[in-house]
Amino acid sequence: MPPTVETAQVNHRATYREVLAEPRFRLLFSTRAVAITADALRITTFSVLVFSSTGSALLSAVAFGIGFIPQLFGSLLLGSLADRLPPRALITGGYALTCATALLLALVRMPVAASLGVVALVSLATPVFHGASSRLVAQSLEGDAYVLGRSLNNIAGAGAQLFGLALGGAAVAALGPRRALAVSAVLYLCCALAIRIRLPRLRPGEFGGPPGSAGGDGGAVRASLRGAGLLLRGRTVRRLMLAQWLPVALVAGAEGIIVAYAGERRFAPGWYAVLMGCLPVGMLVGDLLVGRFLRPPTRERLVVPLVALAGLPLIGFAAEPGVGVSSCLLLLSGLGYAYGLGLQRPFLDALPQDGQGQAFGLLGSGSMTLQGVGPVCLGAVAAVIGTGGAIALAGGAAVLTAGWILTWHPPASPALAPNRVAPSE
């Protein structure tokens, strides 16, 4: 390819209209937005149900996060299936499985330990169908369109999460927690039917190995462990994964103690909800501005400044500001989340063609796990130094992460050769 053509492709700035014109992406995008709404509704409602049954704030918190932490183990043990089984069957089965789980929780009065176990067990499979969906997105969109597709998913995900939280509160108030869980089951069922009916059945060569290969090479578990080890041994892939995990986990940890911070500062009732809403609003605005108006090389050059932006405002919580300043600081921090858009293309280029599904599943599950662990760790720190100090510590750690990324991330990353993992250290 002539250098001028290659340079033009690298600098080409896609549009959201162009991305949404792709039928396969449009289907995956819309069903995922509905599923995220259902996730938020199910998670919050299940937490309310456990609290109403036990009166335990601890068990309620465990119910809220029980679906996050096991995902990393699911990715390590089953992640290879995302590349080896037909994606339509995987994604449809994933939505059907979560639908059945929500119905089971709604209709069967199980002991709390049993219900927590069911949710944790089902979450082991989540990285598999999420990885298959992400791989289809990567195959459907090319160049900057892929990055904008990820941006759209981020924007819709934040909006759907906020809507799901609001819907959960309204549904619980109007219907009670068990019927609200049934509403989430209906949403999952709609997603499963849409994928089953509208996503075409792909030939084996379009999604991975031949039929039945999931059980080859010593079995799916062994293949998954081997694939995850190969990905994490590659220095480039490992660094890009950590760069996408760590800042988000640190900011999510800070977000997890906002309620306690509002209580310590004796803010008026309800203000904690305003504070918690500032981060996703900042994320929406940041993704929209960076994704829509900046060219690909500029996004990559801004990775380190945006990571620093995610952390620096949080350091201001060391002064224990009031509601107005706290809201502005959280809004600014949310803008920094757009740093991830500058890492999407280098990450995709660094992946082996036959392991993309597992890599995307590992990326998502690792992020979710760390976001579940982050609030617990910062909560323990807050018990010693106070919530303001703990939030500031998280911000400082994010800034240090930006410094670490600066040591290896070039200002404008050249595309790595596709279909291979970078050499191990």
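Here is a short report on the structure shown in this document. In this text, all values refer to a predicted model and were calculated from it rather than measured experimentally. (Residues numbered from 1 in each chain as written. Predicted model: local features only at pLDDT ≥ 70, side-chain atom pairs only at ≥ 80, totals over all residues. Heavy atoms only, no water.)

Taken as a whole, this structure holds 4 salt bridges when the rule is applied. In this structure, the salt-bridge partner of Arg 32 is Asp 39, at a minimum N-O distance of 3.7 Å. Asp 39 sits in the buried class, given a relative accessible area of 18%. Residue Arg 299 pairs with Asp 144 through a salt bridge whose shortest N-O separation is 2.5 Å. A residue pair is termed long-range when its members are at least 10 positions apart, and Arg 299 in helix 17 (residues 296–301) and Asp 144 in helix 10 (residues 144–175) qualify at 155 residues. Asp 144 carries the same exposure label as Arg 299, and that label is buried. Here the salt bridges do not stand alone but share partners, grouping Arg 32, Asp 39 and Arg 42 into one network. (Salt bridge = Lys/Arg side-chain N within 4 Å of Asp/Glu carboxyl O. Buried < 20%, exposed > 50% of the residue type's maximum accessible area, 1.4 Å probe, protein only. Helix = DSSP H or I, 4+ residues; strand = E, 2+ residues; numbered from the N terminus.)

All right, on to empty space enclosed by the protein then. Counted under the stated rule, the structure contains 2 cavities of 30 Å³ or more. Counted as a void, the second largest cavity has a volume near 30 Å³. Surrounding the second largest cavity, Asp 144, Val 147, Pro 296, Arg 299, Glu 300, Leu 341 and Arg 345 form its lining. Of all elements in the fold, only helix 10, helix 17 and helix 20 (341–350) reach the threshold of two or more residues within the lining of the second largest cavity. Among the elements that take part in the lining of the second largest cavity, helix 17 stands out by supplying 3 residues, more than any other. Here the lining of the second largest cavity is built from residues that sort into 3 nonpolar, no polar and 4 charged. (1 Å grid on protein atoms, 1.4 Å probe; cavity = no way out; pocket = protein on both sides within 12 Å on 5 of 7 lines; lining within 4 Å. Points joined across faces, edges and corners; volume = space filled by probe spheres on them. Nonpolar A, V, L, I, M, F, W, Y, C, P; charged D, E, K, R; others polar.)

What follows is about the packing of aromatic side chains. Counted under the stated rule, the structure contains 6 aromatic pairs. Their ring planes at 65° and their centres at 5.5 Å tell us that Trp 404 and Trp 408 sit as a pair that is edge-to-face. Judged by relative accessible area, which is 29%, Trp 404 ranks as partly exposed. Look at Trp 408 and you get buried, because its relative accessible area is 15%. One cation-aromatic arrangement involves Arg 292 over Phe 293; the distance from NZ or CZ to the ring centre is 5.8 Å. (Phe/Tyr/Trp six-rings, centres within 6.5 Å; stacked < 30°, edge-to-face > 60°. Lys NZ or Arg CZ within 6 Å of the ring centre and 35° of its normal.)

Next up on the list: the packing of helix 3 (residues 23–54) against helix 7 (residues 87–107). At a closest axis distance of 11 Å, the pairing of helix 3 and helix 7 adopts a crossing angle of 25°. What the angle tells us is that helix 3 and helix 7 run roughly parallel. The two elements helix 3 and helix 7 cross, and the hand of that crossing is left-handed. The segment helix 3 lies against helix 7, with Leu 28, Thr 31, Arg 32, Ala 35, Arg 42, Phe 46 and Leu 49 engaging Ile 91, Tyr 95, Ala 102 and Leu 105. Grouping the amino acids of the contact of helix 3 with helix 7 by side-chain chemistry returns 8 nonpolar, 1 polar and 2 charged. (Axes fitted to C-alpha atoms, helices over the stretch in contact; angles between N-to-C directions. Parallel < 35°, antiparallel > 145°, perpendicular 65-115°, else oblique. Left-handed = near helix turned anticlockwise from the far one by under 90°. Contact = heavy atoms within 4.5 Å.)

Before going further, it helps to spend a moment on a nonpolar patch on the surface. A cluster of nonpolar side chains, contributed by Ile 69, Phe 73, Leu 77, Val 221, Leu 225 and Val 373, occupies part of the molecular surface with about 480 Å² of accessible area. Of all the secondary-structure elements, those providing two or more residues to the nonpolar patch are helix 5 (71–78) and helix 13 (220–233). (Patch = residues over 30% accessible without salt bridge, like charges linked within 9 Å, V, L, I, M, F, W, Y side chains within 5 Å. Areas by Shrake-Rupley, 256 points an atom, 1.4 Å probe, with all protein chains shown as cover.)

Let us now look at the nonpolar core. Counting residues in hydrophobic clusters, the biggest one holds 82 residues, and the most contacted among them are Tyr 95, Tyr 146, Leu 330, Phe 347 and Ile 391. Here the element with the most residues in this core is helix 14 (residues 235–255); it accounts for 8 residues. Leaving out residues up to four positions away in the same chain, Leu 330 has contacts with Ile 258, Leu 275, Cys 278, Leu 279, Leu 314 and Phe 317. Counting residues in each nonpolar core, the second largest holds 11 residues, with Phe 46, Leu 49, Leu 105 and Val 119 among its members. (Core = buried A, V, L, I, M, F, W, Y, C linked by side-chain atoms within 4.5 Å.)

This paragraph deals with the side chain of Ser 184. Within the element layout of this structure, Ser 184 appears in helix 11 (residues 177–198). On the basis of relative accessible area, Ser 184 is assigned to the buried category, the value being 0%. Separated by 2.6 Å, the side chain of Ser 184 and the backbone oxygen of Leu 181 make a polar contact. The contact partners of Ser 184, leaving out residues within four places of it in the chain, are Ala 38, Leu 41, Arg 42 and Ala 102. (Polar contact = N/O pair within 3.5 Å; in protein donor to acceptor, adjacent residues only side chain to side chain.)

Before going further, it helps to examine helix 3. In a regular helix each residue adds 1.5 Å, so 32 residues correspond to 46 Å; helix 3 covers 46 Å between its end C-alpha atoms and thus fits that length. In the stretch just after helix 3, Gly 55 is the one whose phi turns positive, near 70°. (Expected span 1.5 Å × (residues − 1).)

Disulfides are covalent bonds that connect the sulfur atoms of two cysteines. Taken as a whole, this structure holds 0 disulfides when the rule is applied. Cys 99 takes part in no disulfide bond, and the closest cysteine sulfur to it belongs to Cys 190, at a distance of 9.0 Å. According to the relative accessible area criterion, Cys 99 is buried, its value standing at 9%. By relative accessible area, Cys 190 is classed as partly exposed at 46%. (Disulfide = S-S within 2.5 Å.)

Further remarks concern helix 11. Its 22 residues give helix 11 an end-to-end C-alpha distance of 32 Å, which sits within 8% of 32 Å, the value for a rise of 1.5 Å per residue. Looking only at helix 11, the buried set comprises Arg 178, Ala 180, Leu 181, Ser 184, Ala 185, Tyr 188, Cys 191, Ala 192 and Ile 195. Around the axis of helix 11, the buried residues are gathered within 160° of arc, so they sit on the same side. Looking at helix 11, the residues exposed on the side facing more than 90 degrees away from the buried face are Arg 179, Ile 197 and Arg 198. Summarising the contacts, the buried residues of helix 11 are in contact with helix 3, helix 7 and helix 10. (Arc of directions from axis to C-beta.)

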